[in-house]
Structures are given as C-alpha cells and as structure tokens.
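Chain residues, written in single-letter form:
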Amino acid sequence: MSLVNELIVNRRIVWDRQPRPQRIGLVLGGGAARGIAHIGALQVLEEQGIYPQIVTGTSVGALVGGLYAAGLSATRLVNLLPEIRWLELASFKLPSVNLNDLARSVPMGLFDLDKMIGWIDHILGKGLRFDQLNLPFAAVATDLVTAEIVVMNDGPVAPAIRASCSVPGVFTPYRRDGRLLVDGVVVNNLPVSVAREMGADYVIAVDLLPLSEHETNARPAEPRNMMELAMTALFMLARATQIEQQLADVVVVPDISHIHLADLYAADTLLQAGRAAMLAQLPQIMADLQQRE
C-alpha cells in the first residue's frame, strides 16, 4: 500500500463542513461469470440518475467497466448477455507436446483468451484506445514475474481488458509492453486506491468476493470442473488478501456465492442479485450525494 493510501486509511479528519463529492468513482471487482451482477448494479445507478465519472475494474470488472466507460448503458449491456458464451471469448489451447522439452511445450493455460480482443473490438470498434473512451477508465492486471500491480490506462482498450481477465492456469497470460500479465485478482481485486488516484472523491465499489463476515448462510457453490477449480482457488486467495474495501465510501456485495463461477446461464439471477445489493445501499448513497452540486 502506498503512503497516500496509508494516510487515507489511518488518518482521521474532522471537518467543520464536509466537502461535497465532486467526482464519483465506480470500482468493479473480479468474479468470472458472476460479473453479470455488476450490470444489475449499474441498472439501479442509472435508474436513479447516478452516473460515475471514473471507472476502474479488475478481471470481469474490467470487462464490464471498460464497456461502460466506452458508452454502453446498462440496458445495452443486458442486451449483450445472450451473445456471451465462453466459446465466443476463448479457445481451447491444445498442447504440442515435445517430450524432450516438456516444460516449454505445455501451454500456460487451458484456454487462450485472445478471442476476447476481437469480441470487444466488434462491440466497441477495432482498436479503440483509452483516450477515446467516454469516461476515464483503468484496468488492473498482475505482472506474473515481478508481482507488481499493473494499472492499464493507455493504448488499446481490448488487449488491456483481456490481460486483466487472464485467470492463471485457466487462461494463457498476455504479453503487453514487455510484461507477462495475468488476472489482476492476484494482487488487487478491488482497485479502490486506483480510482482515488484518478481523482474520485466518492467511491462505490461492487465486491463479488466478499470477506467471510459478509457472506450469507447459503453454501458456496462447489467447483464442477478444472476451470472452476482453478478460479475457486484463486478467488479464495484474493478474498483472504484483499484490503481495499475500507477505502471505499460504499461497498455493494451481491448475494451470489452460491452461483458457479463459470455459469453464464444464471444471468437473470445474477442481474437481480446485483440490483438487490445496490438497492440495499441506495439510501446511503443518496444521503451521501444529496448535497452534491
């Protein structure tokens, strides 16, 4: 954590008159197919006339956040859901095994996620760049070699989102600017500090990997295959190590732990869970923003 973030967490400030929030930040966390809940949360914000000025996201949060920052409304995102299938975004990575050099011939993931770049380009326009987005946006990935948090906010958008979504062991890493990048969940699943550094002074974070005290009594879904097994293990680690919820003004936690991580067919349930979680926090958000000019 940077010195600035430590000060935010540890220093108490008492105001005569609390400053009015000027820039709303929206932070969307990772959670694979459960990210559909982000869209339900966005629906509620739009219905209430609350429009974030800054967006950051990790993994599927980067995907939803990037599309939203490009100008796709929650309604448009809902309309895209029937088009989203794993085979539209990823392709099976067949190994070309060389027994004399086994370490080099086995791929670094079950699936190649490069098809996601083409899918995003189809939706947004080929080669759309960060500086062409409607809103300031950043996608978070992990440098697999240095373990650094890599905040991507320059250059083409689609490859950055692809890098942020590269769950280790499931999807192949992505090479960008000389770095080998994997899913941002590894180092920063809920990049609230990034939104703060981009200028947000009021942050709404949607957390799909809540800490245990926020979990419901519903039994979490067990992994059904190798893909979900790897995702579950990674997200379990992320849940135990993420620390940035405390930096947000409001944390929205959809009740979705019982839904399988790769289940794109649970879209309606996920949308409703996202809506319900945002509606539960709406009174606090409205109270916080009622003085905003």
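Scroll up to find the structure.
All of these numbers come straight from a predicted model, not from anything done at the bench.

Q: Help me understand the overall build of the protein in this model?
A: Within the protein, the secondary structure is distributed over 11 helices and 11 strands. Counting all 293 residues of the protein, 52% fall into the buried class. Residue pairs in contact within the protein that sit at least 24 positions apart in sequence constitute 78% of those at least 6 positions apart.

Q: So what exactly am I meant to see when it comes to the pattern of salt bridges here?
A: Under the defined criterion, the tally for this structure stands at seven salt bridges. As a salt-bridge pair, D114 and R162 come within 2.8 Å of each other at their nearest N and O atoms. With D114 in the loop between β4 (109–112) and α7 (115–124) and R162 in helix α8 (residues 157–164), this residue pair connects regions lying 48 residues apart in the sequence. Using a relative accessible area of 37% as the deciding quantity, one classes D114 as partly exposed. The shortest N-O distance in the salt bridge between D143 and R179 comes to 2.5 Å. Of this pair, D143 sits in strand β5 (residues 137–143) while R179 sits in strand β9 (residues 179–183), placing them 36 residues apart in sequence. Bridged by salt links that share partners, the residues D112, D114 and R162 form one connected network.

Q: Quick question: what am I supposed to make of empty space enclosed by the protein here?
A: Taking a probe equal in size to a water molecule and rolling it over the atoms shows the remaining empty space. Scanning the entire structure with this criterion turns up one cavity of 30 Å³ or more. As a volume, the largest cavity reaches approximately 320 Å³. Contributing to the lining of the largest cavity are 25 residues, with A32, A33, V60, L63 and L89 lying nearest its centre. Within the residue set of the lining of the largest cavity, elements represented by two or more residues are α2 (36–47), α3 (60–69), α4 (74–80), α5 (86–89) and α7. In terms of residue count, the dominant contributor to the lining of the largest cavity is α3 (four residues).

Q: Is there a simple way to think about the side chain of S164 in this case?
A: Here S164 lies in helix α8. Contact partners of S164, with chain neighbours within four places excluded, come to G57, T58, S59, A62, A139, V140, A141, M152, D183 and G184.

Q: Can you walk me through a nonpolar patch on the surface in this structure?
A: Together, I149, V151, V186 and V187 make up an exposed nonpolar region whose accessible area comes to about 250 Å². In this fold, I149 is placed in strand β6 (residues 149–152). Since its relative accessible area comes to 44%, I149 is described here as partly exposed.

Q: Help me out: how do you make sense of the packing of aromatic side chains in this one?
A: The description of two aromatic rings rests on the distance between their centres and on the angle between their planes. Tallied over the entire structure, the rule returns two aromatic pairs. Judged by centre distance (6.3 Å) and plane angle (55 degrees), the ring pair of F111 and F171 falls under tilted. Within this pair, whereas F111 is found in strand β4, its partner F171 is found in strand β7 (residues 169–171), the two being separated by 60 residues in sequence. You can call F111 partly exposed: its relative accessible area is 22%. Plain terms: the ring middles of F130 and F137 are 5.8 Å apart, the flat faces sit at 15 degrees to each other, and that makes the pair stacked. Residue F130 shares its accessibility class with F137, and that shared class is buried.

Q: I tried to follow unusual backbone geometry on my own but got confused; where do I start?
A: A negative phi angle is the norm for most residues apart from glycine, just as the trans form is the norm for most peptide bonds. Positive phi outside glycine occurs at A32, with the angle close to 55 degrees. Inspection of the secondary structure puts A32 in the loop between β1 (24–28) and α2. Here the phi dihedral of A147 falls at roughly 65 degrees; this positive angle occurs in a residue that is not glycine. Overall, the relative accessible area of 52% leaves A147 in the exposed class.

Q: I keep staring at the side chain of E244 and nothing clicks. Help me out?
A: Within the secondary structure, E244 sits in the loop between α10 (226–241) and β11 (250–252). Here E244 sits buried without a salt bridge, and the closest side chain of opposite charge, R196, lies 8.3 Å off (N-O distance). One polar contact links E244 to N188, side chain to side chain, over a distance of 3.3 Å. In contact with E244, other than residues within four places in its own chain, are N188, L190, P191, V192 and S193.

Calculation criteria
- Residues numbered from 1 in each chain as written.
- Predicted model: local features only at pLDDT ≥ 70, side-chain atom pairs only at ≥ 80, totals over all residues.
- Heavy atoms only, no water.
- Helix = DSSP H or I, 4+ residues; strand = E, 2+ residues; numbered from the N terminus.
- Buried < 20%, exposed > 50% of the residue type's maximum accessible area, 1.4 Å probe, protein only.
- Contact = heavy atoms within 4.5 Å.
- Salt bridge = Lys/Arg side-chain N within 4 Å of Asp/Glu carboxyl O.
- 1 Å grid on protein atoms, 1.4 Å probe; cavity = no way out; pocket = protein on both sides within 12 Å on 5 of 7 lines; lining within 4 Å.
- Points joined across faces, edges and corners; volume = space filled by probe spheres on them.
- Patch = residues over 30% accessible without salt bridge, like charges linked within 9 Å, V, L, I, M, F, W, Y side chains within 5 Å.
- Areas by Shrake-Rupley, 256 points an atom, 1.4 Å probe, with all protein chains shown as cover.
- Phe/Tyr/Trp six-rings, centres within 6.5 Å; stacked < 30°, edge-to-face > 60°.
- Lys, Arg positive; Asp, Glu negative; His and termini not counted.
- Polar contact = N/O pair within 3.5 Å; in protein donor to acceptor, adjacent residues only side chain to side chain.

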